[in-house]
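Close look at the chain arrangement
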Amino acid sequence: MTITHPGVPTRTGAPTCRFVRPGENEEERTEGRNVLGRVIYGHGGRAPVLHGGVPLVRAAMAGEGADRINEVWVTDRPVRGGRDGGLVYAEDGEHFLCATRIEPDGTYRDTVRGVYEAAFALMWRLGYTELLRMWNLVGAITGPNSEGVENYRDFCVGRAQAFESWSGRIAGMPAATGIGSLRPGIDLYFLACRSGRVRHLENPLQTPAHRYPARYGPKAPSFARATLLEQDGGTGPVLYVSGTASILGDDTVHPGDVERQCAVTLANIEALVSPENLRRHGAAGGFALTDLDCVKVYVRDAEHLDAVRAHCARVLGGVRDIAFFNVDVCRPDLLVEMEGICR
Ligand SMILES: C=C(O[C@@H]1C=C(C(=O)O)C=C[C@H]1O)C(=O)O
C-alpha cells in the first residue's frame, strides 16, 4: 500500500486512464482533466486519427458478450497534439502518448521494425527518452503469416530488432501488452516520459520475457513485467502492470483449466506488485491486488467469459474500471491474460 498525501496537487502526476462506457459522460468520468488520448476498444481496426487535437485509436477488441470501452488517458498538464507521418501523438511536457496502425502485408517484421524505429525517433526528438508502457493489439496473433510463421513470432522479430538498434539510447524495455485483436493488422500505442523517473520490473516467478528460450520464437518478446513511474508532488509511484498470464518460469501452466489459469495469473501479479519485489528492484512502497485499477482481462474462449468475470469479482472485488474482451492470447495454450495499473 502506498502512502499518499491528500491535498497535494499532482501536477506532474503519471498519466492514468478511465474506462468510459457507452452512455457514460466522459467529462464526469475524467473529472474534467486534460485528455492525452483515447483508445476505443470497440469494433474499429482503423488507423488512429487526431480527434479534438489528440490521438484517437480505434481497435477491434469488442466481440459479442465482451465490453466496449473508451480508454481515456488523462493528465493535469496542458496537452498539445500532432502528427508525424503515420504516427499521431500528444504531449504534456512530461508525458507522451503515440499511436499508429500497421496494416497486414504478408509478413510483419520489417514493417514493425520500421514503425517502432520511427516512433522511437519521434519521441526522442521531442525529448521523451524513456518508455513507460506499450500496447500491441495483433490480429490473428497465433495465426500464420504468408510464410507460415506465427504472426506473434514474426512481430517479435521486428520489435526486437528495433530495440536492438536503439539499445544505446533507450535504456530498458517497458511494460507491454501483446494480445490478439479481431481484425487483421496491428494497433500500436504507447506512453513515454522524460528521463529519470522510470524503473522496469521483472517478476521473481517468471523468466524475463526477453530471455525466453528459442522454442518460443527466434527473437524473445521485448518487454518488462511492469514499469514503475515516480511522481512529483508527494504522491506515491504508479505501477503499470504488463499483460500477465498463467506462466511460471517460461512454461504455460494449467493448460485447459481456466480457473487455475486465473489463479496463477493473479498470483503472478500479486508477486510482481508486492513490496518485496519493489524492494528487490531498489524501490520503496509496494501494492496489493486490491490496488489494481484500469484492469483489462483478455479471455480466449467466449464460453469462459462468465467464469473469468466471476473469478475477478471474487478476487478484485471493488475495482471500478475493469473490462473483459474475448480475443486470442499470444500462446495458443493461454486461456486468459490480465493487466492493470496500481496507484
Ligand atoms: C503473456 C505474455 O506476454 C504477452 C505479450 C507481450 C508482448 O509481446 O508485448 C506482453 C505481455 C503479454 O501481453 C507473457 O509472455 O507472459
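Look a little higher up for the structure.
None of these values were measured; they are calculated from a predicted model.

1. Brief notes about the pattern of salt bridges
Oppositely charged side chains are able to pair whenever their charged atoms sit close together. Enumeration over the complete set of coordinates arrives at 27 salt bridges. Salt-bridge contacts for Arg 300 lead to Asp 301; the nearest nitrogen and oxygen are separated by 2.9 Å. For Arg 300, a relative accessible area of 26% corresponds to the partly exposed category. Accessibility expressed as a relative area gives 18% for Asp 301, which makes it buried.

2. Section: the sheet that holds strand S13 (residues 238-245)
Judged by pairing direction, the sheet is mixed, and its six strands sit side by side in the order S11-S12-S13-S18-S16-S17 without closing on themselves. Each end of this open sheet is capped by a strand with a single partner; those strands are strand S11 (198-201) and strand S17 (322-326). Strand-to-strand twist in this sheet, taken as the mean axis angle between neighbours without regard to direction, amounts to 10 degrees. Pairing analysis gives five bridges linking strand S16 (residues 292-299) to S17, with the strands arranged parallel.

3. Points about the packing of helix H4 (residues 258-273) against helix H6 (residues 305-316)
It is the contact of H4 with H6, at a shortest axis distance of 10 Å, that shows an interaxial angle of 35 degrees. Our pair here, H4 against H6, has a crossing hand that is right-handed. In this structure, H4 contributes Val 258, Glu 259, Cys 262, Ala 263 and Leu 266 to the contact, and H6 contributes Ala 307, Val 308, His 311, Arg 314, Val 315 and Leu 316.

4. Observations regarding the packing of aromatic side chains
Going through the model one piece at a time under the given rule, you end up with 15 aromatic pairs. On the numbers, 5.1 Å between centres and 35 degrees between planes, the contact of Tyr 41 with Phe 325 is tilted. Within this pair, whereas Tyr 41 is found in strand S2 (residues 34-51), its partner Phe 325 is found in strand S17, the two being separated by 284 residues in sequence. Residue classification places Tyr 41 among the buried positions, given a relative accessible area of 0%. Residue Phe 325 is classed as buried on the basis of its relative accessible area, which comes to 0%. Ring geometry for Trp 73 and Trp 135: centres 5.6 Å apart, planes at 55 degrees, overall tilted. Taken together, the positions of Trp 73 in strand S4 (residues 69-75) and Trp 135 in strand S8 (residues 130-139) put the pair 62 residues apart, joining distant regions of the chain. Judged by relative accessible area, which is 1%, Trp 73 ranks as buried. An aromatic cluster is present here, built from Tyr 116, Phe 120, Trp 124, Tyr 152, Phe 155, Phe 163 and Trp 166 joined pairwise through their rings.

5. What to know about the site of the ligand
Neighbouring the ligand are 14 residues, the closest being Tyr 152, Arg 159, Tyr 212, Arg 225 and Glu 337. A distance of 2.9 Å separates an oxygen atom of the ligand from a polar atom in the backbone of Gly 178. The side chain of Tyr 212 places a nitrogen or oxygen atom 2.6 Å from an oxygen atom of the ligand. Contact with the protein chains covers 100% of the free accessible surface of the ligand, which is 390 Å². Assessed atom by atom at 2 Å from the grid points, the ligand resides in the largest pocket. Only helix H3 (151-165), strand S9 (175-181) and S13 provide two or more residues apiece to the shell around the ligand. Broken down by element, the shell around the ligand gets its largest block of residues, three residues, from S9. When grouped by side-chain class, the residues that make up the shell around the ligand number eight nonpolar, three polar and three charged.

About the cut-offs
Residues numbered from 1 in each chain as written. Predicted model: local features only at pLDDT ≥ 70, side-chain atom pairs only at ≥ 80, totals over all residues. Heavy atoms only, no water. Salt bridge = Lys/Arg side-chain N within 4 Å of Asp/Glu carboxyl O. Buried < 20%, exposed > 50% of the residue type's maximum accessible area, 1.4 Å probe, protein only. Pairing = 2+ DSSP bridges. Helix = DSSP H or I, 4+ residues; strand = E, 2+ residues; numbered from the N terminus. Axes fitted to C-alpha atoms, helices over the stretch in contact; angles between N-to-C directions. Left-handed = near helix turned anticlockwise from the far one by under 90°. Contact = heavy atoms within 4.5 Å. Phe/Tyr/Trp six-rings, centres within 6.5 Å; stacked < 30°, edge-to-face > 60°. Near = heavy atom within 4 Å. Polar contact = N/O pair within 3.5 Å; in protein donor to acceptor, adjacent residues only side chain to side chain. Areas by Shrake-Rupley, 256 points an atom, 1.4 Å probe, with all protein chains shown as cover. 1 Å grid on protein atoms, 1.4 Å probe; cavity = no way out; pocket = protein on both sides within 12 Å on 5 of 7 lines; lining within 4 Å. Sits in = over half its atoms within 2 Å of the grid points. Nonpolar A, V, L, I, M, F, W, Y, C, P; charged D, E, K, R; others polar.

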